[in-house]
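Letter by letter, the chains look like this.
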Amino acid sequence: MDLNPEQRSAVEHLEGPLLILAGAGSGKTRVLVGRIARLIADGAARPDEILAVTFTNKAARELVGRCRRLVGDAASRLWAGTFHGIGARLLRRHADVLGYPRDFSIFDTDDQMRLVRQIVAERRLDEQLFSPEAVRAFIDAAKNEARRPSDCAALPGDVFAERAAEVYADYQRRLATLGAMDFGDLIVNVLELFRRSPDLLERYQRRFRYLHVDEYQDTNHAQYLLVSRLAAGSSNLCVVGDDDQSIYGWRGADIRNILEFERDFPNARVIRLERNYRSTANIINAAATVIDHNPGRMEKRMWTEAEAGARITVFCAEDERDEARFVVERIARLDGQRRDVAVFYRTNAQSRAIEEALLRSGIRYVIVGGTRFYERKEVKDLVAYLRFAANPDDDLSLGRIVNVPPRGIGAVTWTAVGKVASERGVSRWRVLCGGATDTGLSAGPLRRLRAFERTARGWIEGNRTSVTELLSRIIDDSGYLDYLAKSSDPDKEARIDNVRELLTVGQDFDEIYDPRELEDDDPAVDPLVAFLERLALSSEVDDLADERAGAVTLMTVHNSKGLEFDHVIMTGMEEGLFPHSRSTDESDSGVPEERRLCYVGMTRARKTLAMTHALRRHLHGTVQSNPPSRFLAELPPALVEAVGGADADRRAPAAPPMQAASRPSGAAARPQKAETRAADGRTYRVGMKVVHPMFGEGTIRACERAGNDAKLVVEFRRAGTKKLVARYARLQTVGG
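Here the structure is a predicted model, which is why all the values come from computation and not from measurement. (Residues numbered from 1 in each chain as written. Predicted model: local features only at pLDDT ≥ 70, side-chain atom pairs only at ≥ 80, totals over all residues. Heavy atoms only, no water.)

Engineer: Before we move on, could you go through the pattern of salt bridges and cite the residues and values that matter?
Structural biologist: Tallying each qualifying case throughout the model produces 70 salt bridges. A salt bridge links Arg207 to Asp48; the nearest nitrogen and oxygen atoms lie 3.7 Å apart. In this pair, Arg207 sits in helix H9 (residues 198-207) while Asp48 sits in the loop between helix H2 (28-41) and strand E2 (50-53), placing the two residues 159 residues apart along the sequence. According to the relative accessible area criterion, Arg207 is buried, its value standing at 13%. A relative accessible area of 15% places Asp48 in the buried class. (Salt bridge = Lys/Arg side-chain N within 4 Å of Asp/Glu carboxyl O. Helix = DSSP H or I, 4+ residues; strand = E, 2+ residues; numbered from the N terminus. Buried < 20%, exposed > 50% of the residue type's maximum accessible area, 1.4 Å probe, protein only.)

Now the structure itself:
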């Protein structure tokens, strides 16, 4: 294997903790493959004694595939996968220790929301004050920190946190009843498993003699604890990461995990991979200069032997339509290379103008972050049928499909079944199996329930060795295709095609799944459970390659992580947008993380990089006139080619986001205050975190007037910026 000196040192250091600081495009996968192949080839470890944790399933498959080419089929026995995939595999073996079935369901975000919404309603909490989305976010954050419901004591007076912790406790009890886990549970339940069973922890500490963790800078506290527990046995832990690419703090990632690795493992060796093999010298030098502005970085300096290449194009647009025109013209000049072009933006809302321009120009594109195949209603319906067949106690899946297609089992009937199930402490399927006789329902509803129960029993007890056969039977028995064909939906043909495509997915799985590949101590997971787990753990990036053929790729900068393109266009480089206004909250970590995100976006480009900003932008119902991003001002002037109008303003000092104009079209600017007192006596301050029942979590960005006339400008994480009349605003403050 052809390695540079630093890469070779990393491959040859096999004993003791190792931190590989791997800059963008520095060949880290080659190093991981080399290390693992060397361990196997030298007989230092069996493949099943090597654990490799990757950021995506795609990365895990690539890792195993490249190892197989070096050492043969033995590499197939590696424990390689994402944290969630590894956690699911361990829990399939030992879920019974925690009181779960081994064929437990895995709930996605949509399932979580439905369950949280049910519990909020049952507790009769005011959704104006306790929105299900905010409560779900509270639960996710707690699991990222490995906090159980009993660990979530609220600060005095924090009513939201008190009630959210109570919902969290109910939520966990309900998951156990349903035989289900969410993504956070796939980590925290492994920690709980090891807490309850020290013998199991010791067993896996002995088992995993060599541990490898990729993208270590983006691990959260729960994942850090899991790695630390497992590595305590041998200390042969190799983590690979780059503090300059830590961009997931908003979803619980803790950059301290990599910054403090040497503190956690005092005898650790640190090897820096600083040579870039991806990008031109101009791109690397420009990105390195930007990231140099971040404080507290681990020392490293990227370099390359590649040619200088084109300078960084910075385009100043009049507005978002002018920006989109520039994007289309630049792509048009790259005709024949469109598969290797990507357009990045900070928020999904920015894509509208670009999409419209691409459509008018007839340029094909795919969006990473749009509606994924597995999120389409017809696909989710049929997957719910399969999940119910695999785990009949999954009330959420059963509730989704019991009257789809319509069977005359309406809300009143289903509520009656649910009431009996709750009183007995069993699932609704158990009530149906008993004939539902004590539900108080009349003969008609009972007859329809029993007809459904007889049909469904055939799915549960039938042949499950073939996913395709079971799915075909469900489609036929339920009449789902006829249901779609007879609908008035103008997209029904596309929906029918999606059903057929799901059958193709099942056929592909049936062809490759072989339970004999499982280790002796892995449970005999039937094909249906394995298939559903694969769907649950898939990600957008995993599915990207097949969709990209001949098309431009549009995505947020966050979604670009781990990818690379010949040509990259980064749009919306303005203060308040990138860096996002949210980054100037009370935390000092906001702008540095935004700068790391900018660095990640820049280093996705191999050959050319363009960055755009607009003098005015219509976004979230307002006209924004924000200064150019401070990140543009940090670019080395010698490496920049400025194009477009108003170039004199391009390097104007970037004002803090709150100084940038942002108001509804035609509205006059009003004096802004640091805080205001509303008519009901409540005080609101700039920077205060709030929750709205419709718009979710947000931060107050501006206060105007007082008393009955008090108004608040609130930037919501999902809904964008809204101006609210304070006395009518249904806002709950977060954190007291």
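Continuing now.
Engineer: Give a detailed account of empty space enclosed by the protein, specifying residues and quantitative values.
Structural biologist: What the rule picks out here adds up to three cavities of 30 Å³ or more. As for the largest cavity, its lining consists of Gly23, Asp242, Asp244, Ala288, Ile291, Asp292, Arg297, Lys300, Arg301, Met302 and Tyr599. When the residues that make up the lining of the largest cavity are grouped by side-chain class, the tally is four nonpolar, one polar and six charged. The calculated volume of the second largest cavity comes to roughly 50 Å³. If you trace the second largest cavity, you find it lined by Leu51, Val53, Phe83, Ile86, Leu211, Val213, Leu226, Val227 and Leu230. Of all the secondary structure elements, the ones that give two or more residues to the lining of the second largest cavity are E2, helix H4 (83-94), strand E6 (210-213) and helix H10 (221-231). For the lining of the second largest cavity, the element with the highest residue contribution is H10, accounting for three residues. (1 Å grid on protein atoms, 1.4 Å probe; cavity = no way out; pocket = protein on both sides within 12 Å on 5 of 7 lines; lining within 4 Å. Points joined across faces, edges and corners; volume = space filled by probe spheres on them. Nonpolar A, V, L, I, M, F, W, Y, C, P; charged D, E, K, R; others polar.)

Engineer: Tell me about helix H6 (residues 132-144), and name the residues and values.
Structural biologist: Across its 13 residues, H6 extends 18 Å between first and last C-alpha, which sits within 8% of the 18 Å expected from 1.5 Å per residue. Most of H6 sits inside the fold, with 10 of its 13 residues counted as buried. All of the buried residues in H6 are Pro132, Ala134, Val135, Arg136, Ala137, Phe138, Ile139, Ala142, Lys143 and Asn144. Ala146 occupies a position one or two residues after H6 and carries a positive phi of about 60°. (Expected span 1.5 Å × (residues − 1).)

Engineer: Talk me through a positive patch on the surface; I want residue IDs and the actual numbers.
Structural biologist: A cluster of basic residues, Lys58, Arg61, Arg339 and Arg534, forms a positive patch on the protein surface. By the secondary structure assignment, Arg534 is in helix H24 (residues 527-536). (Patch = residues over 30% accessible without salt bridge, like charges linked within 9 Å, V, L, I, M, F, W, Y side chains within 5 Å. Areas by Shrake-Rupley, 256 points an atom, 1.4 Å probe, with all protein chains shown as cover. Lys, Arg positive; Asp, Glu negative; His and termini not counted. Charge placed at Lys NZ, Arg CZ, Asp CG, Glu CD.)

Engineer: Please set out the sheet that holds strand E13 (residues 565-570) residue by residue, giving values where relevant.
Structural biologist: The sheet built from seven strands is open, its strands ordered E11-E12-E10-E13-E14-E9-E17 with parallel pairing. Each of the sheet's edge strands pairs with one partner strand only, and the pair in question is strand E11 (365-368) and strand E17 (640-644). Within the sheet, the average angular offset between the axes of one strand and its neighbour, ignoring direction, is 20°. Here five bridges tie E13 to strand E14 (residues 605-614), and the two strands are oriented parallel to one another. The residue bridging Val568 from the neighbouring strand is Leu609, located in E14. Packing against the sheet, helix H13 (residues 281-291) makes contact with strand E9 (312-317) and E14, and its axis sits at approximately 50° to E14. (Pairing = 2+ DSSP bridges. Axes fitted to C-alpha atoms, helices over the stretch in contact; angles between N-to-C directions. Contact = heavy atoms within 4.5 Å.)

Engineer: With reference to specific residues and values, describe the domain arrangement of the protein.
Structural biologist: It is common to give the size of an interface as the accessible area that goes away when the parts come together. Per the domain assignment, the segments of the protein are domain 1 (5-94 + 187-273), domain 2 (105-178), domain 3 (303-370 + 544-643), domain 4 (374-411 + 441-537) and domain 5 (675-733). Between the C-alpha centres of domain 1 and domain 2 there is a distance of 31 Å. Interface area lost by domain 1 to domain 2 is led by Arg92, Val188 and His221, which between them contribute 43%. The interface formed by domain 1 and domain 2 contains one salt bridge. Arg148 is paired through a salt bridge with Glu192; the nearest N and O atoms lie 3.4 Å apart. Joining domain 1 to domain 2, the criterion identifies five residue pairs in polar contact (both at pLDDT 80 or more). At the level of elements, helix H8 (185-196) and H10 are the ones that each hand at least two residues to the side of domain 1 that touches domain 2. Top element by residues in the side of domain 1 that touches domain 2 is H8. It accounts for four residues. Among the residues forming the side of domain 1 that touches domain 2, the class breakdown is four nonpolar, three polar and four charged. (Domains from an automatic or database assignment. Buried area = accessible area lost by both parts, 1.4 Å probe. Polar contact = N/O pair within 3.5 Å; in protein donor to acceptor, adjacent residues only side chain to side chain.)

Engineer: Give a detailed account of the sheet that holds strand E8 (residues 269-273), specifying residues and quantitative values.
Structural biologist: Read across the open sheet, the six strands follow the order E3-E2-E6-E7-E1-E8; overall the sheet is parallel. Only two strands of the sheet have a single partner each, and these edge strands are strand E3 (79-81) and E8. Taken over all neighbouring pairs, the strand axes of this sheet differ in orientation by 10° on average, direction set aside. The pairing of E6 with strand E7 (residues 237-241) spans three bridges and is classified as parallel. Paired with Leu211 across the bridge in E7 is Leu237. Seen against the sheet, helix H1 (residues 5-12) touches strand E1 (18-22) and E8 and runs at an angle of roughly 145° to E8. Sheet contacts for H10: E2, E6 and E7; angle to E6, the most-contacted strand, approximately 160°.

Engineer: Lay out the environment of Leu98 with the relevant residues and their values.
Structural biologist: Checked against the element boundaries, Leu98 lands in the loop between H4 and strand E4 (105-107). Spatially, the C-alpha atoms of Leu98 and Arg701 are 45 Å apart, while their sequence positions differ by 603 residues. With near-sequence residues (within four places) excluded, Leu98 lies in contact with Leu91, Asn189, Glu192, Leu193 and Arg196.

Engineer: Give a description of the packing of H8 against H9 that names residues and reports values.
Structural biologist: One way to put it is that H8 packs onto H9 with a least axis distance of 5 Å and a crossing angle of 110°. Classified by the angle their axes make, H8 and H9 are roughly perpendicular. Between H8 and H9, the contacting residues are Leu193, Phe194, Arg195 and Arg196 on the first element and Pro198, Leu200, Leu201 and Tyr204 on the second. In the contact of H8 with H9, the residues fall into six nonpolar, no polar and two charged. (Parallel < 35°, antiparallel > 145°, perpendicular 65-115°, else oblique.)

Engineer: Which residues make up the packing of H1 against H2, and what values do they have?
Structural biologist: At a closest axis distance of 8 Å, the pairing of H1 and H2 adopts a crossing angle of 35°. Handedness of the H1/H2 crossing: right-handed. Taken together, the residues of H2 that come into contact with H1 (itself represented by Gln7, Ala10, Val11 and Glu12) are Arg30, Val31, Gly34, Arg35 and Arg38. A breakdown of the residues in the contact of H1 with H2 according to their chemical character gives three nonpolar, two polar and four charged. (Left-handed = near helix turned anticlockwise from the far one by under 90°.)

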